[in-house]
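# A look at the structure
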Amino acid sequence: MSSPVFFDISAGAYIAAMIIYIAYLVVKNKTVGIVATAITVFGFFSQSTAFLIRWINSFYFWTASHPTSGIIESTLRAAPLRNLYESLIFFVWSLILIHLIIEFKYKTRSLGAFVTPIAAAALLFIDVSGTSKEIQPLIPALQSNWLLFHVLLSFLGYAAFGVSFGAAAAYIVVTTESRNEKTYIFWSIIIGVFLTVLIGMGIDYVSLSTTQRAELIQNYFLKATLRSSSGGIAAISWIGSIAFVFIIWRFGYGLKKVLTGLSLTPDILDDITYKSIAMGFPLFTIGGLIMGAIWANSAWGKYWTWDPKETWSLITWFVYALYLHARFVGGWRGKRVAILAVIGFVAVIFTYLGVNLVLSGLHAYGS
Amino acid sequence: MEEKEKKDIFETVWKFFASVKLAIFLLIILALTSIIGTIVEQQAEPSKNIALLAKFFGDAFAPTVYNIFAKLGFMDMYGSWWFVSFLVLFSINLVVCSLDRFPKTLRLVKTPLRPLSENGIKSMPVKKELTIKTSLNTARDEFFNALTASGYRVYEASGNGSIQLYTQKGRFARLFVYVVHLSIILIFLGALIGIRFGFKGYLNLPEGRASTVAYLSPDKTIPLGFTIKCNWYDTQYYKGTDTPKEFQSELVIIDDGREVLKKVIEVNDPLTYNGITFYQSNYGMMENAAGYFILNISSGSGQENTLRLKYGDSFEIPGTGIKGTISDFSTALTRDRNTGALTTYSEMMVNPAVAIDFDIPGEKKFKGWILRRYPETGILPGGNSVKFVDFWGVEYTGLQVAKDPGVWLIYLASILMSIGLYICFFISHKKIWIQITNDRDHARITVGGSSNRNRLAFENDIEKILSRASKAIEERSKK
């Protein structure tokens, strides 16, 4: 079987696992939880196989155009972490890996309902962003030994931050006692917006597969709804989205009831949030910021140019540094730091995707 | 009296800069203000940002808003006085905070561990109690061994019918947060050295030309102290595509009239001489440059020749009577999909081709296009061939020129920060006390411990030590 088949199997498995994890929250039946985990593990192995196959294929792709390149150099250049598609795939892989580790270490399955939707969002985004899935020749700027380590560590860091986001969001939901609290508005809007985007991408996906388009679609993200070229559809979508977020705000309190009675105590969620950030922060600092700067210096002679990608990485770094200091020396506890963890991941998403979609910079992912 | 007042002011200032609140405030401010410069394009043409602002404020107000923003330094905000001031405050805050806390941490690290009372042990965050049927000394030996096996250096205190083992590990990890803080300061210092004693410039160097200066701006040069020459520039493409595979230039350094260094540079592989580094950054075509066509001709009998010809020049392949005249050139030749006519699809040398009017004895005169990237286009009858090597002298190589004497400090700081963060987050300061009390033919074990990080792993550690020791005691009792 080829690499895309294994990818598709894993994508299907993760989306199925998301639904079952959410069902597990509701029915609280142990068997359902075990099925969710089993499907996730299955998806993970399938994706790992796909990742390896793609690496091997890229290796031959590279050596075909660089016959004199040695084994180590070719392996480094062939690492499937070269464009938006490959990096998103690797992000999902890291996210699931870290999630599974936490699930086994903490012996709690409920977090899956908060982490797998992030994976599902990333997978849907791949299909609607119009990013190419082909193995592409490596442009000169990316032909560096730093590519593998910079991207690998950055994305492991991003994935750890993703898990901390899931845990912090769950923490805020669990500890918000009444609908009148400000944190209730915060989490209902964050989750409402997240679900809106997820559903929006789902509609994009369906509309993409039902309409036959001849031309290559560049960035179809939310084009079927909020960013539709038809003003009417866009307006209705916006009204619908706002109404949807309102409904989440109005009736979302039930989620807290669903979550109570599970093994997810606020203490465990707080601990998972911190542990993931404690893992992600060094990875992101070393892999993202430091290696990125060293690479920039060896390629352009400037280790820091304040381009939007760099600046947003730094903003992300500030937010997590703030989390760590507020928690350890600033005496911040509970919901306040959990909110910082949520904001941190919003900054991560913007660093990763927003900069490329909205702003420009050197990190055009080779395009 | 005055002395005291001075001291008070100093203390107030110190306390202000040592406060965590200031640190939190500065992190928030830096994160928020940094966003501005990612939206407003930095050091750009005013028209660009006015067009951007018009989207938000309308055409009428955009210029006014632009002027206000420009006054606030938003157009070059990372160098603006207020942003730099925040960075300076941040550095002072970092230094003072660290100095303020360091002695306390150092004392904590240096103070030797003391035995605790049984109640003290029981009040530790991680605690365990068990009773084993064994003698005091056997229990002491086996717990000692188990702790040593886990890498702890064990101290011992004995009292009335009881022995206490106490130990700690990883206490130096507590100091590494200061290594991280120090590395940030070193990065700032490295950046300052780079700004003060280095430069970032550029140089567009045409093929075959040399320069003794680099440019900081179109009308500001900086002497290099030597001569740099570009022998050639070349873009290589992946076969059959227009995706660049490599951007390369051959550079030569001439110092004191002697050629001292020659290197083919490419992206990610620069050339450094006398602390100045030349990076491959772009390329382009010069206007109105008369280039040379470098052709490699070979005859069927194996004679080879490299020629340097101008537009309109003629040549002959020796011993064959084949004559050729250069009559046309295209930077990027292609056949139009619809009409089938030959056209040029790019002004850059993506697919260079030279047209030659051939005069072959016994054949009709004809015009042939020879494409550089497709050498098979130059094959002539009788084993003769013309290879289009280069159209030389019309391209320039775009170099980034940088001198940064502070960069070693940045690298040093990077290493320190990596080590510091790793130890800071992954090594914890663990303390364990094990009190063993003789209780007739039993030994009562009370274990207490604390860890500043990763308590879950620490609890597993303790479990391991306990089970190891109990198993060993059991083994011994069987013998």
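None of these values were measured; they are calculated from a predicted model.

## Remarks on the overall build of chain B
Summing up its helical and strand segments, chain B has nine helices and 22 strands in all. Here the C-alpha radius of gyration of chain B, 38 Å, is well above what a compact globule of 479 residues would show, namely 23 Å. Along the longest, intermediate and shortest principal axes, the C-alpha atoms of chain B span 120 × 75 × 55 Å. Put simply, chain B has 479 residues, and 44% of those count as buried. Considering only residue pairs separated by 6 or more positions, chain B has 59% of its internal contacts joining residues 24 or more positions apart. For chain B, the distance from the average site of its 56 positive side-chain charges to the average site of its 47 negative ones is 11 Å.

## Considering the overall build of chain A
What chain A contains, in helices and strands, is 12 helices and zero strands. In chain A, the succession of α and β elements from N to C terminus is α-α-α-α-α-α-α-α-α-α-α-α. For a compact globule of 367 residues, the expected C-alpha radius of gyration is about 21 Å, and chain A comes in at 21 Å, within 12% of that figure. With the C-alpha coordinates aligned to their principal axes, the bounding extent of chain A is approximately 65 × 55 × 45 Å. The burial tally for chain A puts 57% of its 367 residues in the buried class. Here chain A contributes 24 positive and 15 negative side-chain charges, whose respective centroids are spaced 8 Å apart.

## A few points about the sheet that holds strand S13 (residues 314-317) of chain B
Residue and element names in this part refer to chain B. The sheet built from four strands is open, its strands ordered S13-S14-S17-S18 with antiparallel pairing. The two strands at the open ends of the sheet, each matched to only one other strand, are S13 and strand S18 (366-371). Adjacent strand axes in the sheet meet at a mean angle of 35°, parallel and antiparallel pairs treated alike. Note that S13 and strand S14 (residues 322-330) share four bridges and pair antiparallel. For Ile317, the partnering residue across the bridge sits in S14 and is Ile322.

## Observations regarding the sheet that holds strand S12 (residues 304-309) of chain B
All names here are of chain B. Taken together, the three strands give an open sheet; going across it, the order is S12-S11-S19, and neighbouring strands pair in antiparallel fashion. The sheet terminates laterally at S12 and strand S19 (385-392), the two strands that pair on one side only. Averaged over all pairs of adjacent strands, the angle between their axes in this sheet comes to 20°, without regard to strand direction. Note: strand S11 (residues 292-298) against S19, seven bridges, orientation antiparallel. Pairing of Asn296 across the sheet is with Lys387, part of S19.

## Details of empty space enclosed by the protein
A complete count under the given rule lists two cavities of 30 Å³ or more for this structure. Here the largest cavity defines a volume of roughly 50 Å³. Contributing to the lining of the largest cavity are Ser58(A), Phe61(A), Trp62(A), Ser65(A), Arg77(A), Arg82(A), Gln136(A), Pro137(A), Leu138(A) and Tyr238(B). The element contributing the most residues to the lining of the largest cavity is helix H2 (residues 30-65) of chain A, with four residues. The computed volume of the second largest cavity comes to approximately 40 Å³.

## Considerations on the domain arrangement of chain A
Residues and elements named next belong to chain A. Looking at the assigned domains, one finds that chain A contains domain 1 (3-176 + 253-366) and domain 2 (177-252). On a C-alpha basis, the centroid separation for the pair domain 1 and domain 2 is 22 Å. Domain 1 puts 25 residues into the contact, and the matching count from domain 2 is 24 residues. Of the roughly 2100 Å² buried between domain 1 and domain 2 on both sides combined, carbon and sulfur atoms contribute 75%. The three residues of domain 1 that bury the most area against domain 2 are Val128, Thr176 and Tyr253, which together make up 31% of that side's buried surface. Here domain 1 is connected to domain 2 by one salt bridge.

## Quick look at helix H1 (residues 3-27) of chain A
The terminal C-alpha atoms of H1(A) lie 36 Å apart, and with 25 residues this matches the ideal 36 Å at 1.5 Å per residue to within 8%. Looking one or two residues past H1(A), Lys28(A) carries a phi angle of roughly 55°, positive in sign.

## Comments concerning the interface of chain B and chain A
On the chain A side, the residues contacting the 44 residues of chain B number 48 residues. Here chain B packs against chain A, burying approximately 4000 Å² in sum over the two surfaces, 70% of which is carbon and sulfur. For chain B, the biggest contributors to the area lost against chain A are Thr38(B), Tyr238(B) and Asn268(B); these three give 16% of the whole. On inspection of chain B and its partner chain A, the count reaches zero salt bridges. Summed over the shared surface of chain B and chain A, the number is 14 residue pairs in polar contact (both at pLDDT 80 or more). Those elements giving two or more residues to the side of chain B that touches chain A turn out to be helix H2 (20-39), helix H4 (81-110), helix H7 (176-197), strand S7 (244-255), strand S10 (276-285), strand S20 (395-403) and helix H8 (407-426) of chain B. By residue class, the composition of the side of chain B that touches chain A is 27 nonpolar, 11 polar and six charged.

## Considerations on the pattern of salt bridges
All names here are of chain B. Per the stated rule, a full pass over the model turns up 23 salt bridges over all chains. A salt bridge links Glu463 to Lys128, with the nearest nitrogen and oxygen atoms 2.6 Å apart. Here Glu463, found in helix H9 (residues 455-478), pairs with Lys128, found in strand S1 (residues 126-132); they are 335 residues apart in sequence, far enough to count as distant. Overall, the relative accessible area of 37% leaves Glu463 in the partly exposed class. Lys263 is the partner of Asp269 in a salt bridge, and the nearest nitrogen-oxygen pair spans 3.1 Å. A residue is classified by how much of its surface remains accessible, and Asp269, at 32% relative accessible area, is partly exposed. Lys263 sits in the partly exposed class, given a relative accessible area of 27%. One continuous salt-bridge network, built from bridges that share partners, spans Glu118, Lys122, Glu129, Asp439 and Arg444.

## Observations regarding the domain arrangement of chain B
Residue and element names in this part refer to chain B. Per the domain assignment, the segments of chain B are domain 1 (2-104), domain 2 (112-170 + 428-478), domain 3 (181-287 + 396-418) and domain 4 (292-393). For domain 3 versus domain 4, the distance between C-alpha centres works out to 35 Å. Taken together, the two surfaces of domain 3 and domain 4 that pack against each other cover about 1000 Å², and 52% of this comes from carbon and sulfur. When the buried surface of domain 3 facing domain 4 is broken down by residue, Glu207, Tyr237 and Met285 rank first, second and third, together holding 48% of it. In this structure, the connection of domain 3 to domain 4 is made through two salt bridges. Linking Asp242 and Arg373 is a salt bridge whose minimum nitrogen-to-oxygen distance equals 3.0 Å. For the pair domain 3 and domain 4, the interface holds six residue pairs in polar contact (both at pLDDT 80 or more). Put simply, the parts of the chain that give the side of domain 3 that touches domain 4 at least two residues each are strand S6 (220-237) and S10. The element best represented in the side of domain 3 that touches domain 4 is S6, accounting for four residues. Taken together, the residues that form the side of domain 3 that touches domain 4 break down as six nonpolar, five polar and three charged.

## Thoughts on the confidence of the model for chain B
Mean pLDDT for chain B: 91, with 99% of residues reaching 70 or above. Of the two predicted TM-score estimates for the complex, the pTM is 0.89 and the ipTM is 0.87.

## Overview of the packing of aromatic side chains
Applying the stated criterion across every chain yields a total of 50 aromatic pairs over all chains. Here Trp306(A) and Phe83(B) contribute two aromatic rings whose centre-to-centre distance is 5.5 Å and whose plane-to-plane angle is 85°, an arrangement assigned as edge-to-face. Of the two residues, Trp306(A) is situated in the loop between helix H10 (266-300) and helix H11 (308-328) and Phe83(B) in helix H4; the pairing between them involves two chains. With relative accessibility at 21%, the residue Trp306(A) sits in the partly exposed group. Members of the aromatic cluster, connected to one another through ring pairs, are Trp304(A), Trp306(A), Phe69(B), Phe74(B), Tyr78(B), Trp82(B), Phe83(B) and Phe86(B).

## Focus on the nonpolar core
Of all hydrophobic cores here, the largest spans 154 residues; its most connected members are Phe91(A) and Trp317(A). Tallying contributions element by element places helix H6 (residues 146-175) of chain A first for this core, with 19 residues. Discounting chain neighbours no more than four positions away, the residues touching Phe91(A) are Ile118(A), Ala122(A), Phe155(A), Tyr158(A), Ala159(A), Phe345(A) and Tyr352(A). By size, the runner-up hydrophobic cluster in this structure holds 23 residues, among which are Ile132(B), Tyr152(B), Ile465(B) and Leu466(B).

Parameters at a glance
Residues numbered from 1 in each chain as written. Chains lettered and ligands numbered in written order. Predicted model: local features only at pLDDT ≥ 70, side-chain atom pairs only at ≥ 80, totals over all residues. Heavy atoms only, no water. Helix = DSSP H or I, 4+ residues; strand = E, 2+ residues; numbered from the N terminus. Rg over C-alpha atoms; globule rule 2.2 N^0.38 Å. Buried < 20%, exposed > 50% of the residue type's maximum accessible area, 1.4 Å probe, protein only. Contact = heavy atoms within 4.5 Å. Lys, Arg positive; Asp, Glu negative; His and termini not counted. Charge placed at Lys NZ, Arg CZ, Asp CG, Glu CD. Pairing = 2+ DSSP bridges. Axes fitted to C-alpha atoms, helices over the stretch in contact; angles between N-to-C directions. 1 Å grid on protein atoms, 1.4 Å probe; cavity = no way out; pocket = protein on both sides within 12 Å on 5 of 7 lines; lining within 4 Å. Points joined across faces, edges and corners; volume = space filled by probe spheres on them. Domains from an automatic or database assignment. Buried area = accessible area lost by both parts, 1.4 Å probe. Salt bridge = Lys/Arg side-chain N within 4 Å of Asp/Glu carboxyl O. Expected span 1.5 Å × (residues − 1). Polar contact = N/O pair within 3.5 Å; in protein donor to acceptor, adjacent residues only side chain to side chain. Nonpolar A, V, L, I, M, F, W, Y, C, P; charged D, E, K, R; others polar. pLDDT = per-residue confidence, 0-100. Phe/Tyr/Trp six-rings, centres within 6.5 Å; stacked < 30°, edge-to-face > 60°. Core = buried A, V, L, I, M, F, W, Y, C linked by side-chain atoms within 4.5 Å.

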